[in-house]
Amino acid sequence: MQPTASHFVNGAYLEDTAGAPIPVIFPANGEQIARVHAATPAVIEAAMASAKAAQAGWAALIGVERGRILRRAADIIRERNRELSDLETLDTGKPIQETLVADATSAADALEYFGGIAASLGGEHMQLGGDWAYTMRVPLGVCVGIGAWNYPTQIAAWKGAPALACGNTMVFKPSEQTPLCALKVAEILVEAGAPPGVFNVIQGAGLVGKALVEDPRTAKVSLTGSAATGKKVYAAAAAQMKHATMELGGKSPLIIFDDADLESAVSAAINANFYSSGQICSNGTRVFVQRGIKDAFLARLLKRTANAIIGDPRDEATNFGPMVSEEQLAITCSYIKKGISEGARLVHGGNRLNQPGAYIEPTIFADVTDDMTIAREEIFGPVMSVLDFDTEEDVLERANATEFGLSGAVFTADLTRAHRVVHAIQAGSCWINQYNLTPVELPFGGMKGSGVGRENSMAAIGHYSQLKTVYVGMSPVEAAF
Ligand code: NAD
């Protein structure tokens, strides 16, 4: 698993062992599987300089050529899905059952989608009487991507693909918890024909990220991370008037009415809390259940949760793996303790497994009230809070009483109520009778404290390019004197 070197800069692997060592731990057994080094100032300089040097040439390629390279990278990723999924599982601990369908494949989707539209990016023509004008869609320059640890391959591609499609270059810094997968994305892009310097990956923790954000050559920053980090990075970007996209955390509501299809609602609650061991930003961690089906919902939820197959994530039968790290597990355990001490009713799980690895049971609390810590703060672990409600009006007010606004969903058979409710939910992504599907065709991002900007879809193009307006005078210029 040991990569050729820690960083990928200017089209090749690059090492500098003077950087602080970063051990890569397989969370299922705590064993060290690789070691990389944080970027030194020399590595940061090399990455920024190579991205800067490559940008004009990359932008000068016609869109169809840039797009072809991205689409070729998508094909290579699909061909190597098994190998890349194995690596993602080792890097994150997520079950291979998930990584085979949700990680490298999602990266390939993004490269294919943005590769497909690179050729048709352009501006508009406006006739202004005899004069006329046009707009040009121009790249921003060097973009910095900073990733979280839950979807390392996907995050690298969700940022890299639209950035490159628009003619930017990128320096990407993965989370220090999961440094391996983004290197593969960089390697594959070069294999697909990307010129050196177009997509660089360097390792490190917050200080390396901070140096990249503050570098005067950086034109745009896209962060996926916690709200606390988002505030710091957004402020640092603003200080130099840089473009910024912030994909942050959430505490999203999943609202289930009495008339919902019970099995689908239970499936959604399971997916929205236990997929990737609950480590998903858009998770529906506040499950509001209308009182009429509360007992039936809980009974079915508990029965089905008991079927979770907790085990080695490399085993294709496993559908619930460890958390990414001991630290994240400890945070989750502290929230479970708070839930119990504040009076929530623990109805399933709650315990760390008595075996090596960062394993905790899928955990469900019932009778959760809005004021409890577990209903207010993002846990980022497999902890579901079930809250009761009576009326639509009541649940909407409570659903929106949060600093976050990433996602939300409603389960109901009533068509008009479904739309009324999602229109009222203050969140960037909403689902009706579904949860957490985020295809590349759809904008993804948060409202309120969950962030600014959008990833994916045509919306991302607006965040990785800027418009230049050109007014064309066709007549002699007149002046007052
Ligand atoms: P984190 O905020 O601790 O770290 C995110 C990244 O920021 C890491 O690469 C880290 O090294 C870097 N960083 C930290 N301080 C920095 C600084 N001052 N300047 C620049 N970079 C800095 O988040 P995490 O623990 O890695 O990930 C979990 C969080 O990410 C959760 O809150 C989750 O909701 C969020 N998340 C959001 C999305 C989304 O798309 N909205 C997706 C996945 C995860």
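What you are looking at is a predicted structure, and each value in this text was computed from that prediction instead of being measured.

Section: the overall build of the chain
A count of helices and strands for the chain gives 16 helices and 20 strands. Relative to the 2.2 N^0.38 estimate, which gives 23 Å for 481 residues, the radius of gyration of the chain is 23 Å and therefore close to what a compact globule would have. Viewed in the frame of its principal axes, the chain has a C-alpha envelope of about 80 × 60 × 40 Å. The burial tally for the chain puts 56% of its 481 residues in the buried class.

Structural notes on the pairing of strand β7 (residues 142-146)
Along β7, five of the five residues are buried, which leaves the element largely enclosed by surrounding structure. Taking every second residue as pointing to the same face, both faces of β7 are buried, with Val142, Val144 and Ile146 on one and Cys143 and Gly145 on the other. As paired strands, β7 and strand β8 (residues 169-173) are joined by five bridges and run parallel to one another. Bridge pairing in β8 links isoleucine 146 to lysine 173. In terms of strand pairing, β7 meets strand β10 (residues 218-224) through five bridges, oriented parallel. Looking at β10, one finds that isoleucine 146 is bridged to leucine 223.

Regarding the sheet that holds strand β6 (residues 131-139)
Spatial strand order, β5-β6-β20: three strands in an open sheet with antiparallel pairing. Of all the strands in the sheet, just β5 (125-128) and β20 (465-472) have a single pairing partner and so form its edges. In this sheet, adjacent strand axes meet at a mean angle of 20° when their direction is disregarded. With four bridges joining them, β5 and β6 adopt antiparallel strand pairing.

Quick word on the pattern of salt bridges
Evaluated as defined, the whole model comprises 26 salt bridges. For glutamate 112, the salt bridge identified is with arginine 78, shortest N-O distance 3.1 Å. Remark: arginine 78 occurs in helix α2 (residues 63-79) and glutamate 112 occurs in helix α5 (residues 104-117); sequence separation between them is 34 residues. Classification of glutamate 112 by relative accessible area gives partly exposed; the value is 37%. Taking relative accessible area as the criterion, arginine 78 reaches 33% and is therefore assigned partly exposed. Ionic pairing is found between arginine 398 and aspartate 370, a salt bridge with its closest N-O pair at 2.7 Å. Separated by 28 residues along the polypeptide, arginine 398 in helix α14 (residues 392-399) and aspartate 370 in the loop between β15 (363-366) and α13 (373-376) bring together distant segments of the chain.

Notes on the site of the ligand
The environment of the ligand is formed by 27 residues, the closest being Gly147, Glu176, Ser226, Thr229 and Glu378. Glutamate 247 is positioned such that a nitrogen or oxygen atom in its side chain is 3.4 Å from a nitrogen atom of the ligand. Take glutamate 378: an N or O atom from its side chain is 2.6 Å from an oxygen atom of the ligand. Burial of the ligand by the surrounding chains reaches 87%, relative to a free accessible area of 850 Å². Listed by contribution, the elements that provide at least two residues to the shell around the ligand are α8 (206-214), β10 and α9 (227-239). Of the residues that constitute the shell around the ligand, the class distribution is twelve nonpolar, ten polar and five charged.

Things to note about a nonpolar patch on the surface
A cluster of nonpolar side chains, contributed by Met126, Leu128 and Tyr471, occupies part of the molecular surface with about 290 Å² of accessible area. Mapped onto the secondary structure, methionine 126 falls in strand β5.

Some words on unusual backbone geometry
In this structure, methionine 241 takes a positive phi of about 55° despite not being glycine. Mapped onto the elements, methionine 241 comes out in the loop between α9 and β11 (243-247).

Brief notes about the packing of α2 against α5
Direction vectors running N to C along α2 and α5 enclose 160°, while the axes themselves pass 8 Å from each other. Accordingly, the angle class assigned to the pair α2 and α5 is roughly antiparallel. Two packed elements cross with a definite hand, and for α2 against α5 that hand is left-handed. Only Ala104, Thr105, Ala107, Ala108, Asp109, Leu111, Glu112, Phe114, Gly115 and Gly116 of α5 make contact with α2, whose side of the interface consists of Gly67, Leu70, Arg71, Ala73, Ala74, Ile77 and Arg78.

Digging into the sheet that holds strand β14 (residues 345-348)
A sheet is described by the order of its strands in space; here seven strands give the open sequence β14-β15-β16-β13-β12-β17-β18, paired in mixed fashion. Of all strands in the sheet, those with a lone pairing partner are β14 and β18 (429-432), marking the two edges. Within the sheet, the average angular offset between the axes of one strand and its neighbour, ignoring direction, is 20°. Pairing between strand β17 (residues 407-411) and β18: four bridges, direction parallel. Within the sheet, the bridge partner assigned to serine 407 lies in β18 and is serine 429.

Overview of the packing of aromatic side chains
If you walk through the whole model with that rule in mind, you get nine aromatic pairs. For the pair phenylalanine 8 and tyrosine 13, a centre-to-centre distance of 5.0 Å together with 85° between the ring planes defines the contact as edge-to-face. Residue phenylalanine 8 is classed as buried on the basis of its relative accessible area, which comes to 4%. Look at tyrosine 13 and you get partly exposed, because its relative accessible area is 23%. Across from the ring centre of tyrosine 464, 4.4 Å away, lies the NZ or CZ of lysine 220, which sits over that ring. Directly above the ring of phenylalanine 257 sits arginine 417, whose terminal nitrogen or CZ lies 3.9 Å from the centroid.

Cut-offs and rules
- Residues numbered from 1 in each chain as written.
- Predicted model: local features only at pLDDT ≥ 70, side-chain atom pairs only at ≥ 80, totals over all residues.
- Heavy atoms only, no water.
- Helix = DSSP H or I, 4+ residues; strand = E, 2+ residues; numbered from the N terminus.
- Rg over C-alpha atoms; globule rule 2.2 N^0.38 Å.
- Buried < 20%, exposed > 50% of the residue type's maximum accessible area, 1.4 Å probe, protein only.
- Pairing = 2+ DSSP bridges.
- Axes fitted to C-alpha atoms, helices over the stretch in contact; angles between N-to-C directions.
- Salt bridge = Lys/Arg side-chain N within 4 Å of Asp/Glu carboxyl O.
- Near = heavy atom within 4 Å.
- Polar contact = N/O pair within 3.5 Å; in protein donor to acceptor, adjacent residues only side chain to side chain.
- Areas by Shrake-Rupley, 256 points an atom, 1.4 Å probe, with all protein chains shown as cover.
- Nonpolar A, V, L, I, M, F, W, Y, C, P; charged D, E, K, R; others polar.
- Patch = residues over 30% accessible without salt bridge, like charges linked within 9 Å, V, L, I, M, F, W, Y side chains within 5 Å.
- Parallel < 35°, antiparallel > 145°, perpendicular 65-115°, else oblique.
- Left-handed = near helix turned anticlockwise from the far one by under 90°.
- Contact = heavy atoms within 4.5 Å.
- Phe/Tyr/Trp six-rings, centres within 6.5 Å; stacked < 30°, edge-to-face > 60°.
- Lys NZ or Arg CZ within 6 Å of the ring centre and 35° of its normal.

Any link to function would need more than the numbers given here.
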